[in-house]
Amino acid sequence: MKYLYYTVMMYMLLALGWWTVLLLRTHNELYNVKTDLVSIQFQNENSPGEISGSLSQELQSLTSAYHNKKLMILGESMVFGLSLVLGLSFIRKSYQNTLIASKNEKNFLLSVTHELKSPLAAIKLIGETFQKRHLSNEQSRQLQDNLCSETNRLESLINNILMASKVRRDFAIQMKSINVQPVIEKIIQNQLAMHPYVDLQFNTHGSCIAHVDQDAFSLIISNLIENAIKYSMPYPSIVMNAECKEGTLHVTIADNGIGIPVHERELIFRRFYRIGDENTRSTQGTGLGLYIVKSLVEAMKGKIIVRQNTPKGTIFEVTIKS
Ligand code: ADP
């Protein structure tokens, strides 16, 4: 597609260039014919003494008209060329955006169908097992745990879908000064209870008072930690930092996972965007998490950036002015 675009653009520019050259040549020939005609006309109509003054005047005005027309042709062809390049770039950009949007939509439908169906199927199966079989206490406790975790998964998916539509329209941010340290610690505790195999280190420099919306902030942090775990399997090692310095809250979440290619670092914040192909991907998700995170960070007038971790993995950095 890229090569086709550049080839078409080159052909069109070459055609335009050739058209300009031909037009200039014709214009040149016309000028020569005109000057010859005028000279002959003057020679026929006037005696030799009278010719030189008025002929040179006539030739001067022909020459100045010739130069003006030449400039006009060059100017017009430059404007055409520029419009051509801009128009083609615009068409290419719109085409690419449409392709990305349709790929994202397809990915979303595939993933959401899977994400909705699998916990529902598990919940149904657990219900049927309770109905049909006599279970020991141990078995029944195990099934209840599974039921809770599948229900949580379903709830989190539905919350994400609702939140994604909410942040687009009427999400009301309520900023107040809070100590973010215990908020982050609580989220970490919950995540570690669900994923006890994760190695998570949290560095903070005492209490950190920041001006944020507590619910939005919690959602941002839990989404980023969940992603850090999900994309660093099987041995997630995460380092988190939170610092309030010079009236600004900085939070970084660094993982040792698969990393994010440079050209996708902007795209991952788009709605439904997921790296790779849904048919071959092994991780669960809908591509809504980072869209929600970015929308919430921006609603609090903050910024989020993503960069490479060393030796591997990703660092997400959230900055919010207090
Ligand atoms: P989801 O995780 O549901 O797919 P997100 O919006 O949270 O959706 O993330 C979008 C995409 O960004 C993910 O599909 C994944 O490819 C990539 N991504 C997000 N976080 C990370 C991370 N910590 N490491 C590597 N890739 C990530």
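1. A short note on the packing of aromatic side chains
- For the coordinates displayed, the defined rule picks out four aromatic pairs.
- Ring geometry for Y5 and Y6: centres 5.0 Å apart, planes at 65°, overall edge-to-face.
- A relative accessible area of 10% places Y5 in the buried class.
- With relative accessibility at 41%, the residue Y6 sits in the partly exposed group.
- Positioned over the ring face of Y5 is R92, at 4.6 Å from the centre of the ring.

2. Quick notes on the state of the cysteines
- Inspection of every chain in the model, using the stated rule, returns one disulfide.
- A sulfur-sulfur separation of 1.8 Å characterises the disulfide bridge that pairs C208 with C244. Between C208 and C244, the disulfide has an S-S torsion of 90° and is therefore right-handed. Of the two residues, C208 is situated in the loop between β2 (199-204) and β3 (209-212) and C244 in strand β4 (residues 237-245); the sequence distance between them amounts to 36 residues.
- Assessed through its relative accessible area of 2%, C208 is described here as buried.

3. Quick word on helix α6 (residues 289-299)
- Across the eleven residues that make up α6, a large majority, eight, are buried.
- Here α6 has its buried residues at G289, L290, Y291, I292, V293, S295, L296 and V297.
- Each element contacted by the buried residues of α6 is listed here: α3 (137-169), α5 (214-230), β6 (303-308) and β7 (314-321).
- Once α6 finishes, K301 follows within two positions and takes phi at roughly 60°, a positive value.

4. Some points on the site of the ligand
- Around the ligand sit 20 residues in total, of which N227, Y231, R274, T286 and L290 are the nearest.
- Within the side chain of R274, one N or O atom sits 2.4 Å away from an oxygen atom of the ligand.
- Burial of the ligand by the protein amounts to 97% of the accessible area it has alone, namely 540 Å².
- Elements with a contribution of two residues or more to the shell around the ligand: α5, α6 and β7.
- Tallying contributions element by element places α5 first for the shell around the ligand, with three residues.
- Grouping the amino acids of the shell around the ligand by side-chain chemistry returns ten nonpolar, seven polar and three charged.

5. Quick look at the environment of Q144
- Relative to the helices and strands, Q144 resides in helix α3.
- Along the chain, Q144 and F130 lie 14 residues apart, while their C-alpha atoms are 9.8 Å from each other.

6. Overview of the packing of α3 against α6
- Look at α3 against α6: their axes get within 10 Å of each other, and the N-to-C directions meet at 40°. As for the relative orientation of α3 and α6, their crossing is left-handed in sense. Along its contact with α3, which presents N160, M163, A164, V167 and R168, the element α6 presents Y291, I292, S295 and L296.
- Taken together, the residues of the contact of α3 with α6 break down into six nonpolar, two polar and one charged.

Cut-off values and rules
- Residues numbered from 1 in each chain as written.
- Predicted model: local features only at pLDDT ≥ 70, side-chain atom pairs only at ≥ 80, totals over all residues.
- Heavy atoms only, no water.
- Phe/Tyr/Trp six-rings, centres within 6.5 Å; stacked < 30°, edge-to-face > 60°.
- Buried < 20%, exposed > 50% of the residue type's maximum accessible area, 1.4 Å probe, protein only.
- Lys NZ or Arg CZ within 6 Å of the ring centre and 35° of its normal.
- Disulfide = S-S within 2.5 Å.
- Helix = DSSP H or I, 4+ residues; strand = E, 2+ residues; numbered from the N terminus.
- Contact = heavy atoms within 4.5 Å.
- Near = heavy atom within 4 Å.
- Polar contact = N/O pair within 3.5 Å; in protein donor to acceptor, adjacent residues only side chain to side chain.
- Areas by Shrake-Rupley, 256 points an atom, 1.4 Å probe, with all protein chains shown as cover.
- Nonpolar A, V, L, I, M, F, W, Y, C, P; charged D, E, K, R; others polar.
- Axes fitted to C-alpha atoms, helices over the stretch in contact; angles between N-to-C directions.
- Left-handed = near helix turned anticlockwise from the far one by under 90°.

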